[in-house]
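# Chain and residue survey
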Amino acid sequence: MASYHKPESKVVQELRDIANKLRVDSITSTNVTKSGHPTSCSSMAEIMSVLFFHTMRYKVQTPKDPSNDRFILSKGHAAPILYAAWAEAGLFPVTDLNNLRKIDSDLEGHPTPRLNFVDVATGSLGQGLSVAAGMAYVGKYIDNAPYKVYCLMGDGEAAEGSLWEAMHFASKYKLDNLVAILDVNRLGQSEPTALQHDMDTYRKRLEAFGFNALVVDGHDAFHEASETKGRPTAIIAKTFKGKNFPNIEDQDNWHGKPLGDDSPAVLEYLKGLIKNNGAIQLIPSKPVVEVPPTNFAAGVKLSQPPNYKMGELVATRLAYGNALQKLAAANDRVIALDGDTKNSTFSDKVLKNTPKQYIECYIAEQNLVGVAIGAACRDRTITFASTFACFFTRAFDQIRMGAISQTNLNCCGSHAGISIGEDGPSQMALEDLAMFRTIPTATVFYPSDAVSTEYAVELCANTKGICFIRSSRPNTAVLYKNDEPFAIGKSKVVRTNPADKVLIIGAGVTLHEALKAADELEKSGIHARVVDPFTIKPLDPEIIQHAKAVGGKIVTVEDHYPEGGLGDAVCSLVSEEKNIIVKKLAVRSVPRSGPSAVLLEKFEIDSKAIVKAVNQILAA
C-alpha cells in the first residue's frame, strides 16, 4: 500500500456529510417523479463524495474541458446521485434535481449527453468500462496528458462479458490512468448477485486480468490509484444497497423503487447523520495541466486524391485501407481500431505507416466499438473501427448506445455478403445494412468502386453521428474518375439512355452485375438505366425522378437479405408515389460456401437473375 496521509477528521466528516446529502437528494428527486433507484444511489454515496469533492480534478463550470478528469457512471440507473453530485458541486441549483425524469428536463432516467457533464449515455450495463478505457488510451498515448478516467460500475454488470473484454484491453495497454470502481452492494434487480459479497473472488479475478485490485469499505474512503504505475487500478468497494436507510438497507425487493411513505423516517435519520452542517466547504480541485482543445471544424482531407485507372480491378476493402492511411497521414488525430482483422480490412496500412495512430483491440468487437466511442469523446480523435461487417452485429447494443451518446463513430465492415465466397455463411454479412439503417444518427455508405470508397472515408471523417461503410472482398472495376465528386445522399447514374424502360439499382458487387445485365438487355433492345446509390441512408430522392422517367419500373439487387437493405430503402423512398413498382432481388435463404460467382448465380443476384427480373417486371 502506497504511503497515504489520511485527511483531517473534519474533512473526513465533511465527506461523510456530503455522502448523506447526496442520499437525501436522491430520495427527494425520485420521490417527486415517483420513479428511480434511490437504494442503488445510496450504496455508492461515499464513493461519489470522495471522487467529486476530494479525488477528481475538474473545472465545475466547464465539465467537458479537455483538461478535466473523466467520470463514467456505467451503472446508469444510479443517475440521480450523479446529478446530485454535480449540483452539490455547484454546476446548477440543487432545486433543479426535482425535475428528474420530467419530459422537458434533461435530467433523464439514465444519463445522456444532453447534459453537458455527461460524455456518453449509460444504462445498458457492461459498456462503461470500454468507453472509459478508450478515454484513458487517448489520455495516455495521444493527448499525453495527466488527466485520469474513473468508471463506476455495479456488481450486477460484472456478469457482462464486455466488461471483461475491457479489463483485458486496459491491462494490455497498461492504462495506469484508469480507475475502475466496482460498487459491490450484493443485490441485483431481481435477486442477489452471483458472488454477493465474495470480495476475495472479485479481487482474484481483477488481479488475474492485470489490475492493481484494492478491496475497500466503500462507505469509507479510498486511495492509491494515483501512485500506481504500469497497470490500471480497480477499487472493489464492499457496500450495501440502501445504506443508511433504516429497515431498507441490504434488503431485497427495493431495486428501482422510490421510498414513498418510508421517506420521512429515512430522511430524518440521514439529516441526523450530518454533523458539520456546511462549516467546511470542500471545493473540487482544478486540473494540474491545461490540455489544448482539438479543432476539426476546418475538415479533414485525404493527404492525396485517389489514384486509380478506369477499369482497374480493386477491392473496395483495399481502397478503404488506402484512404484511411491517407487520412491518418493528414491528421494525427485520426486513429484506426481493429479486431484482429487488419490484414483483411486493410486498416493495417495505418499500423504500418503511422503506428501511433493504430489501436489493436483483438477479437472483442463489443470492446472495439466501446473503446472507439470513448476515444471519440470530447472530440479528442476521429475514430475508425474496422472488422468484418458480420461481427458488428455482436456490438449492436454498443452502436445503439453510441447513437444515444451523440457519438461521432465511423465503422467499416468488410467481407459483406455472399460474394466473399468459400468462407461460408458465418462470415457473410447479410444483415448489416438493416442494422445500421435502424440507427437514428447513422449515415450508411455502400461504395461500389475504389474511387467512391476513398471519398466515402473522407466524408465519414467530416460527418457527425455514426457512419458505416460497407466494403467488399472481391476485386471490382474502377468506375469513376479520380476527381469525381461525391456527396452524402447523392446517387450516380452509371448508365442511361433516352429510351430506358427500367431502372436497376445495385450497390457494391451487384452494381457491377447490373451493368453486365444492362449490356445483355441492350442486345434484345431493352434499355436499362443503372444507378449507384452511394449512400443507402440517406437515399437520393432523385431516384424517384429516375423511376418516373423510365415508366415506374424498378429492380433492386443486393448482396444482403431482403429485409432492411437496399430494396427496402428504395421501397420506403417511393412508397407514397403513384405508379411505381419495385422488384427486389436479394439473398432469400441462408447461404453456403462456394465460389463467389457461383453463389451470386445460385442465390439469384447475378446478371442473369437481373435480366430475368427485368423481363418479368416489363411483362407485368
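The rules behind each value
Residues numbered from 1 in each chain as written. Predicted model: local features only at pLDDT ≥ 70, side-chain atom pairs only at ≥ 80, totals over all residues. Heavy atoms only, no water. 1 Å grid on protein atoms, 1.4 Å probe; cavity = no way out; pocket = protein on both sides within 12 Å on 5 of 7 lines; lining within 4 Å. Points joined across faces, edges and corners; volume = space filled by probe spheres on them. Helix = DSSP H or I, 4+ residues; strand = E, 2+ residues; numbered from the N terminus. Nonpolar A, V, L, I, M, F, W, Y, C, P; charged D, E, K, R; others polar. Domains from an automatic or database assignment. Buried < 20%, exposed > 50% of the residue type's maximum accessible area, 1.4 Å probe, protein only. Pairing = 2+ DSSP bridges. Right-handed = clockwise from strand over helix to strand, strands pointing away. Contact = heavy atoms within 4.5 Å. Buried area = accessible area lost by both parts, 1.4 Å probe. Salt bridge = Lys/Arg side-chain N within 4 Å of Asp/Glu carboxyl O. Polar contact = N/O pair within 3.5 Å; in protein donor to acceptor, adjacent residues only side chain to side chain.

### Some details on empty space enclosed by the protein
- Summed over all chains, the structure comprises 5 cavities of 30 Å³ or more.
- Along the wall of the largest cavity there are 15 residues; nearest its centre are Val-120, Ala-121, Gln-127, Val-131 and Met-401.
- Counting residues per element, the ones that place at least two in the lining of the largest cavity are helix H5 (128-142), helix H12 (365-376) and helix H13 (396-404).
- Residue composition of the lining of the largest cavity, grouped by class: 5 nonpolar, 10 polar and no charged.
- Residues lining the lining of the largest cavity come from more than one domain, with at least three contributed by each of domain 1 (9-273) and domain 2 (312-478).

### What to know about the pairing of strand E10 (residues 409-414)
- With respect to burial, E10 is a largely interior element, 6 of its 6 residues being buried.
- Burial along E10 is two-sided: Leu-409, Cys-411 and Gly-413 and Asn-410, Cys-412 and Ser-414, pointing in opposite directions, are all buried.
- Strand direction decides the pairing type here: strand E9 (residues 382-388) and E10, joined by 6 bridges, are parallel. Paired with Ala-385 across the strands is Cys-411, a residue of E10.
- Between the parallel pair E9 and E10, the chain is carried across by H13, and the sense of this crossover is right-handed.

### Some thoughts on the domain arrangement of the protein
- Along its sequence, the protein is carved into domain 1 (9-273), domain 2 (312-478) and domain 3 (492-619).
- Between the C-alpha centres of domain 1 and domain 2 there is a distance of 32 Å.
- Between domain 1 and domain 2, the contact holds 32 residues from the first and 27 residues from the second.
- A buried area of about 2,400 Å², summed over both sides, lies between domain 1 and domain 2, and 56% of it is on carbon and sulfur atoms.
- Looking only at domain 1, the three residues that lose the most surface to domain 2 are Gln-127, Ile-142 and Glu-165, adding up to 22% of its buried area.
- Where domain 1 meets domain 2, there are 3 salt bridges.
- On inspection of domain 1 and its partner domain 2, the count reaches 11 residue pairs in polar contact (both at pLDDT 80 or more).
- Counting residues per element, the ones that place at least two in the side of domain 1 that touches domain 2 are H5 and helix H6 (161-172).
- The element that contributes the greatest number of residues to the side of domain 1 that touches domain 2 is H5, accounting for 8 residues.
- Classifying every residue of the side of domain 1 that touches domain 2 by side-chain character gives 14 nonpolar, 9 polar and 9 charged.

### Here's the deal with unusual backbone geometry
- The step from Lys-537 to Pro-538 runs through a cis peptide bond, and the omega angle for that step is 0°.
- Residue position: Pro-538 is located in the loop between strand E17 (535-537) and helix H17 (542-549).
- Within the chain, Gln-196 stands out as a residue other than glycine whose phi angle is a positive 45°.
- Here Gln-196 is to be found in the loop between strand E3 (178-184) and helix H7 (199-208).
- The class for Gln-196 is partly exposed, based on a relative accessible area of 31%.
- A positive phi angle, near 55°, is found at Arg-378, a position not held by glycine.

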